[in-house]
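Residues per chain are reported as follows:
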Amino acid sequence: MVTEYKEGSVGAEFNKREFKVVGTRPPRPDGVDKVTGRALFGADFTAPGMLHATVLRSPHAHARIVSIDTSGALAMDGVKAVVTSEDFVKQTSSGNQDTLDNCMARGKVFYDGHAIVAVAATSVKIANAALKLIKVEYEILPHETDVDAAMLDSAPVLHEGRKFRNIPEGNNANVSGYWEFGHGDMDEGFAKADIVIERSFKTAATHQGYIEPHATLATMGPDGRGEIWVCTQGQFMVRDLAAAFVGIEASQLRVTASEIGGGFGGKTTVYLEPVALALAKKSGRPVKMVMTREEVFRASGPTTSSSTDVKIGMTKDGRITAGQAKLRYQGGAFPNITAMLGAMTAFASYDLEAVQTQAWNVLTNRPKQAAYRAPGAPMAIYTVESVVDELCQKLGLDPLEVRLLNAAKKGTLSSYGPTFDEIGLVATLEAAKAHPHYAAPLGPNQGRGVSCGFWFNFAGNTSVSMNINEDGTVAVIEGNPDIGGSRASISMMAAEELGIPLEKVRTIVADTNAIGFNDVTDGSRVTFAVGLATIKAARAAIQNMCGRAAQIWGIDADAVDWVDGAAVPTGHNAGDFPPMSLAKIAADSAKTGGPIAGHFEVNADGAGVSFGVHLVDVEVDPETGFTEIKRYTVFQDAGKAIHPDYVEGQMQGGAVQGIGWALNEEYIYGEDGKLQNAGFLDYRIPVASDLPMIDAVILEIPNPGHPYGVRGVGETGIVPPLAAVANGVSHAAGVRMTELPMSPPRILAAIDGAK
Amino acid sequence: MRFESPDTIEQAIGLLNTCEGTSRVLAGGTDVLVQLRLALVEPELIVDIKHIAGMRDITAEDGGFRIGAAVSGAEMGEHADLVALWPGVVEAMELIGSTQVQGRATLAGNLCNASPAADSVPAMVAANAVATIVGPNGTRECPVADIPVSPSKTSLTKGEVITSIYLPARPDNSGDAYLRFIPRTEMDIAVSSAGVSLTINCDGVVTQARVSLGAVAPTVLVVEDASSAIIGTKLEDAAIATLQAACSAACNPIDDKRGTVEFRTKTAGVMAKRAALIAYSRAGGSK
Amino acid sequence: MSKIHVSTSINGDAVEYLCEPEETLLDVLRNRVGLTGAKEGCGSGDCGACSVALDGRLVCSCLVLAAEAEGKTVSTVEGIAEGENLHVLQQKLLDHAALQCGICTPGILIASKALLEKNPDPTETEVRYWLAGNLCRCTGYDKIIRAVMDAAAEMRGA
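Residues numbered from 1 in each chain as written. Chains lettered and ligands numbered in written order. Predicted model: local features only at pLDDT ≥ 70, side-chain atom pairs only at ≥ 80, totals over all residues. Heavy atoms only, no water.

## Here's the deal with the overall build of chain B
No. 1: Regarding its fold elements, chain B presents eleven helices and 14 strands.
No. 2: Rg of the C-alpha trace for chain B: 19 Å, near the compact-globule value of 19 Å for 287 residues, within the 12% margin.
No. 3: Out of the 287 residues in chain B, the part that is buried amounts to 57%.
No. 4: Relative to all contacts within chain B whose residues are 6 or more apart in sequence, the contacts with residues 24 or more apart total 59%.
No. 5: On chain B, the mean spot of the 23 positive side-chain charges and the mean spot of the 32 negative ones are 6 Å from each other. (Helix = DSSP H or I, 4+ residues; strand = E, 2+ residues; numbered from the N terminus. Rg over C-alpha atoms; globule rule 2.2 N^0.38 Å. Buried < 20%, exposed > 50% of the residue type's maximum accessible area, 1.4 Å probe, protein only. Contact = heavy atoms within 4.5 Å. Lys, Arg positive; Asp, Glu negative; His and termini not counted. Charge placed at Lys NZ, Arg CZ, Asp CG, Glu CD.)

If you want it as structure tokens, here you go:
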């Protein structure tokens, strides 16, 4: 359901616009292909003469590679090429070198599953058999997978000299990053409080859990020109990294994004693509690589795990006087900035006089973390929202009232620095408070959890082209893989701006040689930034079409306006001509100067931040610790919802991923540093029978930074569920839960421990 | 690897008995194919037994049912008379995996996989089910309880194949039930489980009972102290509490990624308690 | 080792193929027959993306050996629509926006179709448990369940 936003000057301005296409719920353009099995995903591509490649991976959590002998594999019938780290180009940027070293271990293996050698052969069976003939001599090193333990002086050091930023004294070499945010006097803030609660929390690493494993097909001829087909969130990212790693120029590598079977941030980097390209270069034949599910879990990016101390002070009437968080994240064996994002987002929902967050990134013997939906925020906000809930509980205050009392709003100095513009947190909280869910009675062993959530949203580099076809139809060409229905929303914005029926528009996601550069599909940026560029490209095309009409009519171009899909004369001296439709102008284009197109390229800014509030009712079985989700409602500020079905879908999907994170999902490592649950059997994502319907309430507080008021919506939904579920479980079980996942053994132990 | 799908049990046994390397019998394949995929086994020979007469049949026999080794869980669930007689065994079977897995998975396969957490086995053990085994030396009958000997190991010898499982006749006023604990609602391996089969008299007093536990020891446990706790009772609270305590006391589980010793021990008792109440109700008892 | 010759019927068409003994039905559908609608999400029967009907019975094609399909009928997502006409379930998934990435959609369709053939009037709980083996990471299942319930109602003529 969509709740119209009525108040506020900006909102009023945007609500004046009468949308014709935007806000409706048409079928998505790629839908029929996807319900008939015609849609081609990463593993569905083939090429004549194609080889298949598989990867030898480290069985050790941490070891020096003494030697690699691939001669046995190379001698095998059917084996066409073998690559190791020796076959790639040394990178000048440390970030790129890390990504390359993650694709193919150089000198050391850093985690169970780290790739060492890849073999291309005439079949998967032969490639796998060849892997067994490769001899790798390892010098096994001590390992550490826990974030707190990796910070101890006794911990084995993964890399020397990888500290960045000014790491405070007393941190060991595994601490690669440190960040601080906040403002105000903490001592003074805590002194004003009537009650102060300090708690420590831990969260497990989770995986994005996309159902489609990584898959790619690469070709490269002796002329040094290559092509890659791949399921990715960014074909330009793949082009730039794969070309750099193999040592060719960007123009020589054309990358086409297939349909993508889920990503959630996990397909914003490369794993197989440079390897397949290197094997294609060596063998002179197309090379296909598809990860097994086990490889996806062992070697593609999970999120960070965390260990956090939170301290919050509150007055008796619910005013937060000070908030402090110390966040320690590990994201595997290579540096990353997820902890920084955690520190920025932890207190973003609150208008605080005194707030301080500190974050450490710690290197451990786990796979290199990849982005996962609002990276860093869910686990940070989980800790803060848990303590706020406990303060409300202790003080006997309503958790939504307390959040309203302290809510960030327009003009609030945010906890991470900037001052907020128009934001929707108060409206979202009020919608939650007014919803029947909040007043519904609870049964025995049930508890209700509440949490706020926040995510920045990004914009970034974006290019869109638009061709006006002679038959009056329109081709929109964009460069961002469609991960959740964006071709529908882009087509809708094009139709809206051009004033033509949606059926006249077809949007495609082009390859890297067919459109200008685009950042990856991430940061909830596509509907915002590609939408913005689409509207601007349409305006360029409209300007062109107005000029054509002026030419036909013999009047000045600036005496022509564009109304409802047609050029119309405007002003005193323009003359009296009937509207000239897009179709008519297009049909006559050859006579008026040739093809008509519009395009727009920008490094966009102005992505609006987004807030959400989640309500959940849970029931905990006191004898087993099993948690059932009884009812769930999501409230989120989406800005203008272009296609409300897919906005709801993002909210529902994010909520359920968060429920999985809260209850059962976790990376489980043994003492030996090996991942114990590299499969969907024991890495337990929610199944259909685990859940009720997820009610989604869209709040439309327009983003001033977008012509239609769009905000990103994709990520915020995963942020509140961790605390919402934890707060619900804590109330139902009668004991405060401080570690995720709240698996049944953990809940039962907490219940029994509290007795 | 060689794939064979013989038409007779004699051919199947001949193939298995003369295979010098590793061989696997294929019925539903829901364990075997996973093992192949993960390269846990690389057999020389796969023998598909589904084309052998009787393997896919559920047959009424002496008041009980004989279930062919290749009968799927879905087929068991669709057999109304079988469900009426042994609802606990059928529900145990139907808990294994997804609807898709139910289309293929078999009782005999679940038994031969010899997992301590196999869902159907505690229910079959509570039901006193008997497996018919054919091998190079002829046919023998063996209680289901004696087939798994340790995780992944059975008492079957080379060339032997389970051809059917017999669920016996039972007195009137009998009921059975199976419950397992899993972290989700579906798709998990049992963390602890319990099967209970019992008979009551016309007064609602339990006259016979058999209680089994899964996933809390290397093989299924039969808990005599638990059955004796409820025999002669109407499952009053005290009797149920004794049963629960006896079950927890019998547990000898391991700590692993699916559960702790403490958790398994406690929930096995809870599962047994709840299963006993369901079985009692199915037997016609009212509380 | 020589290959195994298999004669089968796929979506109503007689199909013959040669396969290795260890190849799964999913491998053969995707790599030899050219039907890539069934997807491999796990290879272990945990995700349901490879769902097909084998002699009318819902199975994971990754857990069936290709050689086992001899003499059987196989139904895949490519056979659900009749020519230009979508099946009610396909239309309802589109109408309810019940897919985001679409990788689980073929399996959801095959599994739901099997459900409605067996139980034309399922409850929400029955739909949820029937589809528990079809993992979807995008939607939270909400719109999928609504679409299947709506399709069931329409197919009943309700």
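Here the narrative resumes.
## A closer look at the pattern of salt bridges
No. 1: Following the criterion strictly, the structure yields 81 salt bridges over all chains and no others.
No. 2: The residue Glu 259 of chain A makes a salt bridge to Lys 34 of chain A at a minimum N-O spacing of 3.1 Å. Taken together, the residues span a long stretch of sequence, with Glu 259 of chain A in the loop between strand S12 (253-257) and helix H9 (273-283) and Lys 34 of chain A in helix H2 (residues 31-36) at a distance of 225 residues. The pair formed by Glu 259 of chain A and Lys 34 of chain A is uniform in burial state, with each residue classed as buried.
No. 3: When the shortest N-O distance is used, the salt bridge between Glu 623 of chain A and Lys 273 of chain B registers 2.4 Å. Taken together, the residues Glu 623 of chain A in the loop between strand S25 (610-620) and strand S26 (627-637) and Lys 273 of chain B in helix H11 (residues 261-282) connect one chain to another.
No. 4: Using a relative accessible area of 23% as the deciding quantity, one classes Glu 623 of chain A as partly exposed.
No. 5: If you follow the salt bridges from partner to partner, you end up with Arg 28, Asp 30, Lys 34, Glu 259, Asp 482 and Arg 487 of chain A in one network. (Salt bridge = Lys/Arg side-chain N within 4 Å of Asp/Glu carboxyl O.)

## Side note on the domain arrangement of chain A
All names here are of chain A.
No. 1: On domain assignment, one finds that chain A holds domain 1 (1-6 + 421-456 + 608-755) and domain 2 (459-604).
No. 2: Of note, the centres of domain 1 and domain 2, computed from C-alpha atoms alone, are 39 Å apart.
No. 3: Domain 1 puts 15 residues into the contact, and the matching count from domain 2 is 15 residues.
No. 4: Overall, the association of domain 1 and domain 2 removes approximately 1200 Å² of surface from exposure, summing both partners, and the carbon and sulfur fraction of that is 68%.
No. 5: Counting the surface domain 1 buries against domain 2, the share from its top three residues, Ile 642, Pro 707 and Tyr 708, is 42%.
No. 6: Here domain 1 and domain 2 share zero salt bridges between them.
No. 7: Where domain 1 touches domain 2, the interface holds four residue pairs in polar contact (both at pLDDT 80 or more). (Domains from an automatic or database assignment. Buried area = accessible area lost by both parts, 1.4 Å probe. Polar contact = N/O pair within 3.5 Å; in protein donor to acceptor, adjacent residues only side chain to side chain.)

## What to know about the packing of helix H12 (residues 377-395) of chain A against helix H13 (residues 399-406) of chain A
Residue and element names in this part refer to chain A.
No. 1: One can describe the packing of H12 onto H13 by two numbers: an axis separation of 9 Å at closest approach and a directional angle of 115°. Relative to H13, H12 is oriented so that their crossing is right-handed. Counted together, Glu 385, Val 388, Asp 389 and Cys 392 of H12 and Pro 399, Val 402 and Arg 403 of H13 form the full contact between these two elements.
No. 2: In terms of residue class, the contact of H12 with H13 is built from four nonpolar, no polar and three charged. (Axes fitted to C-alpha atoms, helices over the stretch in contact; angles between N-to-C directions. Left-handed = near helix turned anticlockwise from the far one by under 90°. Nonpolar A, V, L, I, M, F, W, Y, C, P; charged D, E, K, R; others polar.)

## Some remarks on the packing of aromatic side chains
All names here are of chain A.
No. 1: Going through the model one piece at a time under the given rule, you end up with 24 aromatic pairs over all chains.
No. 2: Ring centres of Tyr 416 and Phe 454 lie 5.8 Å apart, and the angle between their planes is 40°; on these two criteria the pair is classed as tilted. Here the residue Tyr 416 occupies a position in the loop between H13 and helix H14 (425-434), and Phe 454 occupies one in strand S17 (residues 446-455), the gap between them amounting to 38 residues.
No. 3: According to the relative accessible area criterion, Tyr 416 is buried, its value standing at 13%.
No. 4: Take Phe 454: its relative accessible area is 0%, and that puts it in the buried class.
No. 5: With a centroid separation of 5.7 Å and an interplanar angle of 75°, the aromatic rings of Phe 420 and Phe 611 are classed as edge-to-face. Here Phe 420, found in the loop between H13 and H14, pairs with Phe 611, found in strand S25; they are 191 residues apart in sequence, far enough to count as distant. Summarising the burial analysis for this pair, Phe 420 and Phe 611 share the class buried. (Phe/Tyr/Trp six-rings, centres within 6.5 Å; stacked < 30°, edge-to-face > 60°.)

## Here we look at the sheet that holds strand S24 (residues 596-604) of chain A
Residue and element names in this part refer to chain A.
No. 1: One open sheet accounts for four strands, arranged S20-S19-S18-S24; its pairing is mixed. On the outer flanks of this sheet lie strand S20 (505-509) and S24, each paired with one strand and no other. Each adjacent strand pair in this sheet contributes to an overall mean axis angle of 15°, direction not counted.
No. 2: As paired elements, strand S18 (residues 460-468) and strand S19 (residues 474-478) share five bridges and run antiparallel to each other. Of the residues in S19, the one forming a bridge with Met 466 is Val 476.
No. 3: Packed onto the sheet, helix H16 (residues 486-498) meets S18, S19 and S20 and runs at close to 135° relative to S20.
No. 4: Contacting S18, S19 and S24, helix H17 (residues 526-553) runs over the sheet at an angle of about 145° to S24. (Pairing = 2+ DSSP bridges.)

## Details of the sheet that holds strand S23 (residues 580-581) of chain A
Backbone hydrogen bonds are what pair the strands of a sheet, in a parallel or an antiparallel way.
Residue and element names in this part refer to chain A.
No. 1: The strand order across the open sheet formed by three strands is S21-S22-S23, and the pairing between neighbours is antiparallel. Whereas interior strands pair on both sides, the edge strands pair on one side only; in this sheet they are strand S21 (560-563) and S23.
No. 2: In terms of strand pairing, S21 meets strand S22 (residues 566-569) through four bridges, oriented antiparallel. Paired with Trp 562 across the two strands is Ala 567, which belongs to S22.
No. 3: Packed onto the sheet, H17 meets S21, S22 and S23 and runs at close to 125° relative to S21.

## Regarding the domain arrangement of chain B
Residues and elements named next belong to chain B.
No. 1: What the domain assignment reports for chain B is domain 1 (2-47 + 55-167) and domain 2 (174-282).
No. 2: The straight-line distance from the C-alpha centre of domain 1 to that of domain 2 is 24 Å.
No. 3: On the domain 2 side, the residues contacting the 24 residues of domain 1 number 23 residues.
No. 4: Of the roughly 1800 Å² buried between domain 1 and domain 2 on both sides combined, carbon and sulfur atoms contribute 59%.
No. 5: Its largest share of buried area at the contact with domain 2, domain 1 owes to Leu 95, Pro 122 and Ala 126, together 27% of the area lost on that side.
No. 6: Between the two partners, domain 1 and domain 2, sit two salt bridges.
No. 7: On the surface where domain 1 and domain 2 come into contact, there are eleven residue pairs in polar contact (both at pLDDT 80 or more).
No. 8: Where the side of domain 1 that touches domain 2 is concerned, the elements lending two or more residues are helix H5 (87-94), helix H8 (120-126) and strand S8 (148-150).
No. 9: For the side of domain 1 that touches domain 2, a count of residues per class yields 17 nonpolar, five polar and two charged.

## Structural notes on the side chain of Gln 90 of chain C
No. 1: Checked against the element boundaries, Gln 90 of chain C lands in helix H2 (residues 88-95).
No. 2: Setting aside residues up to four positions removed in sequence, Gln 90 of chain C forms contacts with Val 35 and Thr 36 of chain A together with Val 77, Ile 80, Ala 81 and Leu 109 of chain C.

## Here's the deal with the pairing of strand S13 (residues 287-290) of chain A
All names here are of chain A.
No. 1: Of the pairings in the sheet, the one linking strand S2 (residues 51-57) to S13 comprises two bridges and is parallel in character. Pairing of Leu 51 across the sheet is with Val 287, part of S13.
No. 2: Summarising the sheet, strand S10 (residues 215-220) and S13 pair through four bridges and their orientation is antiparallel. The residue bridging Ala 215 from the neighbouring strand is Val 290, located in S13.

## Considerations on helix H11 (residues 338-345) of chain A
No. 1: A large share of H11 of chain A lies buried, amounting to eight of its eight residues.
No. 2: Among the structural elements, strand S8 (175-183), strand S15 (320-330), strand S16 (355-362), H12 and S17 of chain A are those in contact with the buried residues of H11 of chain A.

## Thoughts on the environment of Val 206 of chain B
Residues and elements named next belong to chain B.
No. 1: Turning to its location among the elements, Val 206 is positioned in strand S13 (residues 206-214).
No. 2: Sequence spacing of Val 206 and Gly 232 is 26 residues, and the spatial spacing of their C-alpha atoms is 5.3 Å.
No. 3: If sequence neighbours within four positions are ignored, Val 206 has contacts with Leu 198, Thr 199, Ile 200, Ile 230, Ile 231, Gly 232, Thr 233, Leu 235 and Tyr 280.

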